[in-house]
Amino acid sequence: MPHGTPAPNLRQHDYRRTLATVSHTAATLDQTVPFPGAEAPSRQYDIDANGIRIAIHEWGDADAPPMLAVHGGFDFARTYDLFAPRLAAGGWRVVSWDQRGHGDSEHAELYSWDADMRDALAVFDHVGRGGPLPVVGHSKGGALMTQLADAQPFRFTGLVNMDGIPYKRNIPDIAEHERSKMMAKDIASWLDHRRRTSDLQRKPGTIDELAQRRGRMNPRLEVEWLRRLVTTGGFESEDGWRWKIDSSMRFGGFGPWRPEWTLMRLPGLPMPFLGILGSEMEEMGWGTPPKKVLPYMPLQGRCEVLEGVGHFVHVEQPQLVADLVLDFFGGLK
Amino acid sequence: MSVTTVRHNKIDLALHQLRAAIDETARPLLLLHGLGEHTPAEAPAWVTSWQGAIVGLDFTGHGNSTIPSGGGYTAELLLGDADAALAALVEQSPDGMITVFGRGLGAYIGLQLAGARASQVHGAIMLDGPGLAGGPTGPTSQSFFSLPPSNTTPDPYALVELGRDLRPPDYVRSFVQLAIAGSKLEEPVAVCTVFRPEWLAAVADEHGVMDVPLAEALETFA
């Protein structure tokens, strides 16, 4: 085929249809594990984000003013089942979406920070219709929105970043040649993984087994909550439950990006900003010491540090964090 | 010329056999094209002195390879493309190694491959070509925007995203250090470019990097 001619035969349409069927089947059966205070979204639908199917989840009155809630990496919109209803009770239409490859959204061929950002813009356009929006982001979702707020401030009335403020992690005691060895191991591991991903499936198991696995990364969260996550972020097939997240995605990796580059954007943010940090460090957290980021607060910004709370501030203390957010956005409504 | 397909995750990559080996004991030469290019129809005149097989890879979104939906390109993704080609080619190599020849963006990816798979890459040759400069070396105020879906290569998202991919010199240098640490060669990287953007100047200054004409680089790694 010469350069510049169509290549439709190489696209992956069948693959996408299969995934859509799987997730819709899981939704239809609704085996959601109940959890006190947790509520399923009031509305769920898909939008087309420039060729990628993105699943939207909404809580609250459809006519209420919208607020966006952005989930973290390896999470999904339904991780807001506890938090979003509390915001909705405060009079908001809370709109969240599954990032590409996560939850009920399409498994894309490629994943990147910029691609996530563009998918987010499709949601902003769909919900905000050109106007600015209040935005809450957790972990990676907070970091994504911090960069977007710097790049396109006209889209934000205000921003709440929940434990998604990256900070440079120094490893001062490691010599340069040891760093190279660490990097070599990371790269080889990542490439080896990439060589396997075309045939890779996530490991099946019972609800309890998947909850147990998730618990290794989220040791502070209640078992019943983790079991609920399996039934909202997983699907059941003949050999058991699997997480919906694309099996090609994994923790770690490497690249030129440095966490402090997001931190550098904070002081200049022109919209009201609220940072909510948990004081307890844990596996999926970003290891951000509160005292290190406080000097980076923007002029209209402040940071709340929740003592004795881990990375998932909105799951461990949903009402407290919702009250902080409602108070923060109350004047902007 | 024959074309085979190698799989990298959800992408089918076109691997072009441009010329069979003249000497069966010589290792393959993998050509990596520049940004917005594709593998040429035949082996370029400047590499025909190579005695082993000459093979070209179309990166994701280029030439005959899959066009992904909605972009998401990074240099590290293309490293995965090159690694998929490497996995296919080392099986055909008499010594389990290949030499990599990259133009522009392909030169950067070739360097990454030389660092990532140092024991299987017998030299990386870096030549001028599209996408050599790459993006900035640090954080920028670049914004984000979407493009309409494309059915033709090169994918516009590839042009945009790979044209602004970050290349901090210290990050790039680490691939040189990995190549030196893992290669049997004392100088496993050859910079043959006229143009030296900041990241490449840093590479050329590293111990273990040859600054030589192309013909000499080919002869050294043969």
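Residues numbered from 1 in each chain as written. Chains lettered and ligands numbered in written order. Predicted model: local features only at pLDDT ≥ 70, side-chain atom pairs only at ≥ 80, totals over all residues.

**Student:** So, the pairing of strand 3 (residues 29-32) of chain B: which residues are in play, and what are the values?
**Tutor:** Residues and elements named next belong to chain B. Both faces of strand 3 are covered, namely the face carrying L29 and L31 and the face carrying L30 and L32. Pairing analysis gives four bridges linking strand 3 to strand 4 (residues 54-57), with the strands arranged parallel. Bridge pairing in strand 4 links L31 to G56. Summarising the sheet, strand 3 and strand 5 (residues 98-103) pair through four bridges and their orientation is parallel. Opposite L30, over in strand 5, you have V100 as the bridge partner. (Buried ≥ 20, exposed ≤ 12 C-beta atoms within 10 Å, placed from the backbone. Helix = DSSP H or I, 4+ residues; strand = E, 2+ residues; numbered from the N terminus. Pairing = 2+ DSSP bridges.)

**Student:** Any chance you could break down the interface of chain A and chain B for me, citing the residues and the numbers?
**Tutor:** In this assembly, 44 residues from chain A lie in contact with 44 residues from chain B. Elements with a contribution of two residues or more to the side of chain A that touches chain B: helix 3 (113-128) and helix 5 (176-196) of chain A. Ranked by residue count, the leading element in the side of chain A that touches chain B is helix 5 of chain A, at eight residues. Broken down by class, the residue content of the side of chain A that touches chain B amounts to 25 nonpolar, 13 polar and six charged. (Contact = placed C-beta atoms within 7 Å. Nonpolar A, V, L, I, M, F, W, Y, C, P; charged D, E, K, R; others polar.)

**Student:** An account of the environment of B:D23 is needed here, citing residue identities and associated values.
**Tutor:** Residues and elements named next belong to chain B. Assignment of secondary structure puts D23 in the loop between strand 2 (11-19) and strand 3. Remark: the alpha-carbon pair of D23 and W50, spanning 27 residues in sequence, is separated by 9.1 Å. Setting aside residues no more than four positions away along its own chain, D23 makes contact with Q51 and G52.

**Student:** How would you sum up the sheet that holds strand 1 (residues 43-49) of chain A? Please name residues and give values.
**Tutor:** All names here are of chain A. Across the sheet, which stays open at both edges, the eight strands sit in the order 1-2-4-3-5-6-9-10 with mixed pairing between neighbours. Every other strand in the sheet has two partners, leaving strand 1 and strand 10 (301-306) as the edge strands with one partner each. The sheet shows a mean angle of 20 degrees between the axes of neighbouring strands, direction not considered. Along the sheet, helix 4 (residues 140-151) makes contact with strand 3 (66-70), strand 5 (133-138) and strand 6 (156-162), crossing strand 6 at roughly 150 degrees. (Axes fitted to C-alpha atoms, helices over the stretch in contact; angles between N-to-C directions.)

**Student:** How would you explain helix 1 (residues 75-89) of chain B if you had to name every residue and give the values?
**Tutor:** Its 15 residues give helix 1 of chain B an end-to-end C-alpha distance of 21 Å, which sits within 8% of 21 Å, the value for a rise of 1.5 Å per residue. Within helix 1 of chain B, 13 of the 15 residues are buried, which leaves it mostly tucked inside the rest of the structure. (Expected span 1.5 Å × (residues − 1).)

**Student:** Describe the packing of helix 6 (residues 207-217) of chain A against helix 7 (residues 223-233) of chain A, and please don't skip the residues or the numbers.
**Tutor:** All names here are of chain A. Between helix 6 and helix 7, whose axes approach to 8 Å, the crossing angle comes to 115 degrees. As far as their axial angle goes, helix 7 and helix 6 are roughly perpendicular. The two elements helix 6 and helix 7 cross, and the hand of that crossing is right-handed. Contacts between helix 6 and helix 7 involve I207, D208, L210, A211, R214 and G215 on the former and, on the latter, V223, L226, R227, L229, V230 and T231. (Parallel < 35°, antiparallel > 145°, perpendicular 65-115°, else oblique. Left-handed = near helix turned anticlockwise from the far one by under 90°.)

Take it as geometry only, folks, not as evidence of what the structure does.
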